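Structural overview
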Amino acid sequence: MANFIASILVFHVVIVIGIGVVYGGDFYRDFTIAFGDGRAKVIGNGNMLTLSMDRYSGSGFRSKDQYLFGKIDMQMKLVPGNSAGTVTSYYLASEGPTWDEIDMEFLGNVSGDPYTLHTNIYTQGKGDREQQFRLWFDPTADFHTYTILWNPLHIIISVEGVPIRQFKNLEAHGIPFPNRQPMRIFSSIYNADQWATRGGLIKTDWSKAPFIASYRNFNAEACVWSSGKPSCPGTSTLWLQQKLDPMGFQRLKWVQQNHMIYDYCTDAKRFPQGFPRECYTNQ
């Protein structure tokens, strides 16, 4: 295992097996409130967190640790009712002007309309890799699990265990892949009624405030960045080599055929000179 991992880390950092930790959902221990002036709250013994937004401010949190690769689960319950104009974001991001980012944003809706899940992948400060989906369930009625699998082979975003997006490591083809910069987990709720719902036509109804999103059951099997290198848990590192099996590919195609509403790789008007290179090799 160690030889495999070292061989695919292109920057030749040796990953230390057996030092990292598999986390199990203590928001006091694992996260820091980033902003919100009391609008973000850890509840109980640290097993739940809520973010709220009113007309004066949103709120957000970030992980205390940075990671270089991981399989990260979070259960979320999104803003119910008329959430038009709101955005609840959940993502991994590094720091600096050439940052990497694995992005999920849940765009609020008018009551009765489905949420839109907006995804993007940034490498070396460049994004423009948007894919959008309509979820096949009501994400406000209960908690649902959202997973980011980020290993040296690819990034897979999954919802309730169903893969919805894959971004492969195609550095051999000259396409950047996030594998050099450690990233933190971030989440926030904020007002974006200038664009979030129907292109900004529907504005936030502040009479419905506060808008509240809830989080629980955080779990990270991940390589924690410490002293300039990643350390991975020794209990299980199978996720470092995890790929989509045939059933996973079928589920991915089902989502993309039935629930994807936008794919940058099919937007010819946006790319009149030709699609980005990964569009031809990343499916």
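See the structure shown above.
Residues numbered from 1 in each chain as written. Predicted model: local features only at pLDDT ≥ 70, side-chain atom pairs only at ≥ 80, totals over all residues. Heavy atoms only, no water.

1. Re the nonpolar core
Among the nonpolar cores identified, the biggest contains 61 residues, and M74, I102, F106, W150, Y215 and F218 are the most heavily contacted of them. When residues in this core are grouped by element, the largest group, eight residues, is from strand β15 (residues 211-226). (Core = buried A, V, L, I, M, F, W, Y, C linked by side-chain atoms within 4.5 Å. Buried < 20%, exposed > 50% of the residue type's maximum accessible area, 1.4 Å probe, protein only. Helix = DSSP H or I, 4+ residues; strand = E, 2+ residues; numbered from the N terminus.)

2. Here's the deal with the pairing of strand β16 (residues 229-232)
Looking along a regular strand, one sees the side chains alternate between the two faces of the sheet. Pairing of β15 with β16 involves three bridges; the strand directions are antiparallel. Considered in β16, the bridge of S226 is made with K229. Linking β15 back to β16 in an antiparallel pair, the connection comprises two residues, with S227 at a positive phi of about 55°. (Pairing = 2+ DSSP bridges.)

3. Section: the pattern of salt bridges
Two side chains with opposite charge may pair up if their charged atoms get near one another. Summed over all chains, the structure comprises eight salt bridges. As a salt-bridge pair, R39 and D54 come within 3.0 Å of each other at their nearest N and O atoms. Separated by 15 residues along the polypeptide, R39 in the loop between β2 (31-35) and β3 (40-43) and D54 in the loop between β4 (48-53) and β5 (59-63) bring together distant segments of the chain. Accessibility expressed as a relative area gives 17% for R39, which makes it buried. Residue D54 is classed as partly exposed on the basis of its relative accessible area of 21%. R198 is the salt-bridge partner of D113, the closest N and O atoms lying 2.6 Å from each other. Highlighted residues: D113 in the loop between β8 (101-107) and β9 (116-122) and R198 in the loop between β14 (184-191) and β15, separated in sequence by 85 residues. One network of salt bridges, in which partners are shared, links D128, E130 and R270. (Salt bridge = Lys/Arg side-chain N within 4 Å of Asp/Glu carboxyl O.)

4. Examining unusual backbone geometry
Along the chain, A209 connects to P210 via a cis peptide bond; the corresponding omega equals 5°. In this structure, P210 sits in the loop between β14 and β15. Even without being glycine, D37 reaches a positive phi, approximately 50°. If you trace the backbone, D37 turns up in the loop between β2 and β3.

5. Focus: helix α3 (residues 246-258)
Compared with the 18 Å implied by 1.5 Å per residue over 13 residues, the 18 Å span of α3 between its first and last C-alpha is a close match. All buried positions along α3 are accounted for by G248, L252, V255 and Q256. Taken end-on, α3 shows its buried residues confined to a sector of 95°, consistent with a single buried face. Exposed side chains of α3 directed beyond 90 degrees from the buried face belong to P246, Q250 and Q257. (Expected span 1.5 Å × (residues − 1). Arc of directions from axis to C-beta.)

6. Focus: the layout of surface pockets
Its volume calculated, the largest pocket comes out at about 220 Å³. Listed by contribution, the elements that provide at least two residues to the lining of the largest pocket are β6 (67-77), β11 (144-150) and β12 (154-159). By residue class, the composition of the lining of the largest pocket is four nonpolar, five polar and four charged. Roughly 190 Å³ of internal volume is contained in the second largest pocket. Taken together, 15 residues form the lining of the second largest pocket, with T116, R134, A196, T197 and R198 sitting closest to its centre. (1 Å grid on protein atoms, 1.4 Å probe; cavity = no way out; pocket = protein on both sides within 12 Å on 5 of 7 lines; lining within 4 Å. Points joined across faces, edges and corners; volume = space filled by probe spheres on them. Nonpolar A, V, L, I, M, F, W, Y, C, P; charged D, E, K, R; others polar.)

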